[in-house]
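Residue-level structural notes
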Amino acid sequence: NVWDLYLSQKGGGGGLKRRHHLKSHMGAVMCVAVAADGALAVSASQEAAIIWDLKRGQMLDRLVYMNKKMTGVALSPDSAFVATSLEDRSIVVWDRSHARGLLVIKTGNSPVLSIKMANFQGQRDESRLPPHCYVAQLKGICVVSAHEDSTIRVWDAATGMPLLGLCDPSGILL
């Protein structure tokens, strides 16, 4: 469901009003990411990620990767790209407008619990950038993943290369 939060004009509180009932997943929805402008959302379930137009309440596209179960979803800051985490401990970076997988990141031995996409402010090795048309758009964007082994990892969204690994509270870098 998509809800509008409203405030009463007479100062008597407010409430929620349902705008859309979005239903296209066959199973439970595991997570959702919403664009900063509120126009798009991406929801992930075990069978697929679905891109939604929130203004019209319509499904725009369905993202499926080799029938793998999806566990998480994120939108890039400009909403041009989607990242999905899979039960096999990998992350797929997608071109949202063409519903096409661009890159698969193998994250290691620990399950991915959640992911986000963000602008990366650190240094990265430009010599490893592949000569693909989407690389220029992904330049400076990273995927941040939280793992069951208490680590947070930062990945270059254009290359899949690790940019940073953060350790667990005991100081062990995994």
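Higher on the page you've got the structure.
Keep in mind the model is a prediction, meaning the values are calculated, not measured. (Residues numbered from 1 in each chain as written. Predicted model: local features only at pLDDT ≥ 70, side-chain atom pairs only at ≥ 80, totals over all residues. Heavy atoms only, no water.)

**Some details on the overall build of the protein**
Assigned secondary structure in the protein consists of 1 helix and 14 strands. Looking at the 174 residues of the protein, the share that counts as buried comes to 39%. Long-range contacts, defined here as pairs at least 24 residues apart, represent 36% of the contacts in the protein between residues at least 6 apart. For the protein, the accessible surface area stands at approximately 9,800 Å², while carbon and sulfur atoms represent 53% of it. (Helix = DSSP H or I, 4+ residues; strand = E, 2+ residues; numbered from the N terminus. Buried < 20%, exposed > 50% of the residue type's maximum accessible area, 1.4 Å probe, protein only. Contact = heavy atoms within 4.5 Å. Areas by Shrake-Rupley, 256 points an atom, 1.4 Å probe, with all protein chains shown as cover.)

**Focus on the nonpolar core**
A general trend in soluble globular proteins is that nonpolar side chains are found buried together. Counting 17 residues, the largest nonpolar core has I91, V93, I115, M117, L138 and V143 as its most contacted members. Apart from the residues lying within four places of it in its own chain, the contact partners of I91 are A83, T84, S85, L103, V104, I105, T107, I115, V143, S145 and W155. Counting 15 residues, the second largest nonpolar core, distinct from the first, contains A35, A44, M70 and L86. (Core = buried A, V, L, I, M, F, W, Y, C linked by side-chain atoms within 4.5 Å.)

**Topic: the side chain of S76**
With respect to the helices, strands and loops of the structure, S76 is situated in the loop between strand 7 (70-75) and strand 8 (81-86). Residue classification places S76 among the buried residues on the basis of a relative accessible area of 2%. In terms of polar contacts, S76 uses its side chain to reach the backbone amide nitrogen of A80, at 3.2 Å. When near neighbours in sequence (up to four residues on either side) are disregarded, S76 contacts F81, M117 and I141. (Polar contact = N/O pair within 3.5 Å; in protein donor to acceptor, adjacent residues only side chain to side chain.)

**Observations concerning unusual backbone geometry**
Of note in this structure, M66 is not a glycine but carries a positive phi near 50°. Its location among the elements puts M66 in the loop between strand 6 (58-63) and strand 7. Of note in this structure, S150 is not a glycine but carries a positive phi near 75°. In this structure, S150 sits in the loop between strand 12 (141-147) and strand 13 (152-156).

**Here's the deal with the sheet that holds strand 12**
Read from one edge of the open sheet, 4 strands run 11-12-13-14, paired in antiparallel fashion. Strand pairing shows two members of the sheet lacking a second neighbour, strand 11 (112-119) and strand 14 (162-166), which therefore form its edges. Neighbour-to-neighbour, the strand axes of the sheet open up by a mean angle of 20°, direction not taken into account. (Pairing = 2+ DSSP bridges. Axes fitted to C-alpha atoms, helices over the stretch in contact; angles between N-to-C directions.)

**With respect to the sheet that holds strand 8**
Spatial ordering of the open sheet is given by 7-8-9-10, a layout of 4 strands whose pairing is antiparallel. If you trace the sheet from one side to the other, it starts and ends with strand 7 and strand 10 (100-106), each paired once. Averaged over all adjacent pairs, the angle separating strand axes in this sheet is 20°, with direction ignored.

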